[in-house]
Amino acid sequence: MTDTILQSRNLKLYYATRKGVVKAVNNVSFDLQKGESLALVGESGCGKSSLAKAIIRLLPRNIATYTGEVLLEGQDIMKLSDTQFRRQIRWKRISMVFQGAMNSLNPVLKIGYQVAEPLLIHEELDKKEAKKRAVEALRIVGIHESFVERYPFELSGGMKQRTVIAMALVTNPDILILDEPTSALDVITQANIMNLLKKLKKEMQLSYIFITHDIGLSSELADKVAVMYAGEIQEVADADTFYAKPAHPYSQKLMASVPTLRTEKKPEFIPGAPPSLVNPPSGCKFHPRCPSAFDRCSKENPPVFDLGSGHLVKCWWYAK
Amino acid sequence: MSEDEELLEVENLRKWFELRKGLFSSPLYVKAVDGVSFKLKKGEAISLVGESGSGKTTLGKTILRLYEPTGGTIKIKGRDITHLKSNELMWYRRETALIEQDPYGALPSFFSIHRILEEPLIIHKFGNAEERRKRVREVLEEVRLTPIEDFAPKYPHMLSGGQLQRVAIARALTLRPELVVADEPVSMLDASVRIEILNLLRELQEKRKISFIYITHDLTTTKYFSEKLFIMYAGKIVEIGDMLKVVHNPLHPYTEALLKAIPDPDPRNREILRDVPPGEPPNLVNPPSGCRFHPRCPYKMDICQKEEPPVFEPENGRFVLCWLHAKK
Ligand SMILES: Nc1ncnc2c1ncn2[C@@H]1O[C@H](COP(=O)(O)OP(=O)(O)OP(=O)(O)O)[C@@H](O)[C@H]1O
Ligand SMILES: Nc1ncnc2c1ncn2[C@@H]1O[C@H](COP(=O)(O)OP(=O)(O)O)[C@@H](O)[C@H]1O
Ligand code: SF4
Ligand code: SF4
Ligand SMILES: [Mg+2]
Ligand SMILES: [Mg+2]
């Protein structure tokens, strides 16, 4: 039996902007098991990064709405104060590698110090102990101890990415959120990083939330896949089901648009563009682009239907 | 000019960037393109693939003479243009075009779409106002930004990424160029629109018989665009061949590694580790001796770090820079 480590229930994150309220994360619910890796896929702007920020509570200032439940081993961490969240949860239990983080390493600080920093700040460890743990974290991601004294500019792209992974792991979290961790890297370096993430998952019993817009890449790590569109999760399925037979029309279109190297299949494009999150379409958000849409779709937002063994689909097609 | 004639002939082309001129030390160079030779037929489309920093953009821009070559020659229809001065290059500018990666940054925000497309026509003194208007309508139709009346008066910020990239393509085509270099034209776009734009490029390339260089780091998209593949590593083209032959039977160890690194969507992927070489591409100031791939190559032999491999042609029409294919 597997244990659930994280549950999100009706999570919302809206931004206030001059154009109106951006509903970036809208009623998102999902479960993450211990040691499981959930791939969160979808086109850019659909709310993947926002969902990650909502979970780890690192939010911009222009928040209009931030509600819902996030249960970490049963405890609703949305109820914690910011101070409690910072002391107990962020980095210690849930850690994150941000999109583009490898390019925002501090250029004037040594690698070892930057990896140790979360320990000095959040765990108030003494310097010697923190350094020891930083060396260990760097070793785990495949960077030799001698690099502790180096600066970011002395590192290649792949080593910088390993460094930011070490920074996220040094506090020994249970859950690691990875937001497009390899999209700035070339494919061979990317494959090396994916190899590393696969090994870490096994050895450290980590749970991952792996965000990517690249469906091919998502299959490198996914035990389960969640498809996001217009701020909502449209489908959740285990990897075997998802890559063989996605159920939601958007997932099907997304899969059909993927160019592949080894098969003859010709990719198709999805006509139209993702909707505005300020004034999203009525009913099902995908209806203006959906080839299977019928009357009901533009009128009512579909609920989530359970197709069995955790396969969830938000589409009227599956109404009994 | 017949179909089979070479349009472009590049020989031993080099483009080095000077890093810093030390007062007392000799200057250092980034050897971004370092000895590249190939030919391109009229109306032929090729894909140029390589990782970030391998020199793809530099090669593309040098061919278009947006950079001054450091060495080698570029011939277009037999005419040597390697060192022509910019005032002698106006005709070449008219017959060539570059489509760049970033659809958001490539277009001037203060011009309407109509004006953006008219600009190259004005610069090259094409026709009168009426003829220019006609040409602008023609290219807008070709890239299917229709109804034209809706799009022509718009400004770039009103368009989506995919639509902007169509405008960039239309702009490249207004003067009916013979040679187009598209540098990562779809990498900033979502997967769902990428294929649409690539299909469009391919269709226009065939219709207008354009010689086309499609630059990308994404091998999976190339087979929808061209039949021929050029693989670049550390400033050199290391393999040239037919797309399917290269993909199914790579000759260069770097190509092989590249192919191994790319996942197709398959849940079994999570169970395996990919057999790819460690390390990263070399720095181009001091590239490795001999074969530039030797520090990462699983097949490396003694000769590899001593001598640079020349071009071998182990099969008809397949070229590779690797000692494994030396004639025994
Ligand atoms: N103007 C310049 N001055 C100095 N070095 C340069 C210049 N332009 C490019 N380089 C260097 O030349 C090398 C090749 O760069 P280039 O942009 O051609 O690579 P690329 O293959 O197009 O990479 P990418 O996939 O990232 O676009 C790199 O090391 C780069 O830093
Ligand atoms: N700080 C912010 N203020 C206003 N809108 C934002 C902010 N951050 C993101 N957005 C908007 O929220 C939507 C979702 O963005 P994001 O979560 O970054 O998507 P993804 O990671 O899937 O590409 C987009 O429309 C984006 O423009
Ligand atoms: S609810 Fe209707 S519009 Fe939405 S995905 Fe299902 S069939 Fe398509
Ligand atoms: S020349 Fe030698 S080192 Fe270079 S790719 Fe071929 S076998 Fe490998
Ligand atoms: Mg994002
Ligand atoms: Mg480039």
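Residues numbered from 1 in each chain as written. Chains lettered and ligands numbered in written order. Predicted model: local features only at pLDDT ≥ 70, side-chain atom pairs only at ≥ 80, totals over all residues. Heavy atoms only, no water.

(A) Structural context of the overall build of chain A. Scanning chain A from N- to C-terminus turns up 10 helices and 12 strands. The principal-axis extent of the C-alpha atoms belonging to chain A is close to 65 × 50 × 45 Å. Contacts in chain A between residues far apart in sequence, at least 24 positions, make up 63% of those at least 6 positions apart. When the accessible area of chain A is evaluated, it comes to approximately 13900 Å², of which 51% is carbon and sulfur surface. (Helix = DSSP H or I, 4+ residues; strand = E, 2+ residues; numbered from the N terminus. Contact = heavy atoms within 4.5 Å. Areas by Shrake-Rupley, 256 points an atom, 1.4 Å probe, with all protein chains shown as cover.)

(B) Examining the environment of S276 of chain A more closely. Residues and elements named next belong to chain A. The residue S276 is located in the loop between α9 (249-256) and α10 (295-299) in this model. Here S276 falls in the partly exposed class, since its relative accessible area comes to 38%. C-alpha separation for the pair S276 and V22, spaced 254 residues apart in sequence, amounts to 8.3 Å. Among the polar contacts made by the side chain of S276, one reaches the main-chain amide nitrogen of V278 at a distance of 3.0 Å. Here the side chain of S276 touches N279 through a polar contact of 2.9 Å, landing on its backbone nitrogen. (Buried < 20%, exposed > 50% of the residue type's maximum accessible area, 1.4 Å probe, protein only. Polar contact = N/O pair within 3.5 Å; in protein donor to acceptor, adjacent residues only side chain to side chain.)

(C) Highlighting the site of ligand 4. Inspection of the region around ligand 4 gives H252, P253, C291, H294, C297, Y299, C304, C322, W323 and L324 of chain B as its neighbouring residues. Residues belonging to the shell around ligand 4 are distributed by class as follows: eight nonpolar, two polar and no charged. (Near = heavy atom within 4 Å. Nonpolar A, V, L, I, M, F, W, Y, C, P; charged D, E, K, R; others polar.)

(D) Structural view of the domain arrangement of chain A. Residue and element names in this part refer to chain A. One can read the domain layout of chain A as domain 1 (4-91 + 174-193 + 205-318) and domain 2 (94-172). Here the C-alpha centroids of domain 1 and domain 2 sit 28 Å apart. Across the contact, 24 residues belong to domain 1 and 17 residues belong to domain 2. With both chains or domains summed, domain 1 and domain 2 bury close to 2000 Å², and 67% of this area falls on carbon and sulfur atoms. Where domain 1 touches domain 2, the interface holds zero salt bridges. For the pair domain 1 and domain 2, the number of links is nine residue pairs in polar contact (both at pLDDT 80 or more). Every element with two or more residues in the side of domain 1 that touches domain 2 is listed here: α1 (48-56), β7 (175-179) and α6 (187-204). Among the elements that take part in the side of domain 1 that touches domain 2, β7 stands out by supplying five residues, more than any other. (Domains from an automatic or database assignment. Buried area = accessible area lost by both parts, 1.4 Å probe. Salt bridge = Lys/Arg side-chain N within 4 Å of Asp/Glu carboxyl O.)

(E) Focus on the pairing of strand β1 (residues 4-17) of chain A. All names here are of chain A. Here 10 bridges tie β1 to strand β2 (residues 20-33), and the two strands are oriented antiparallel to one another. The residue of β2 that forms the bridge with L13 is V25. Across eight bridges, the pairing between β1 and strand β4 (residues 63-72) is antiparallel. Paired with K12 across the two strands is T67, which belongs to β4. (Pairing = 2+ DSSP bridges.)

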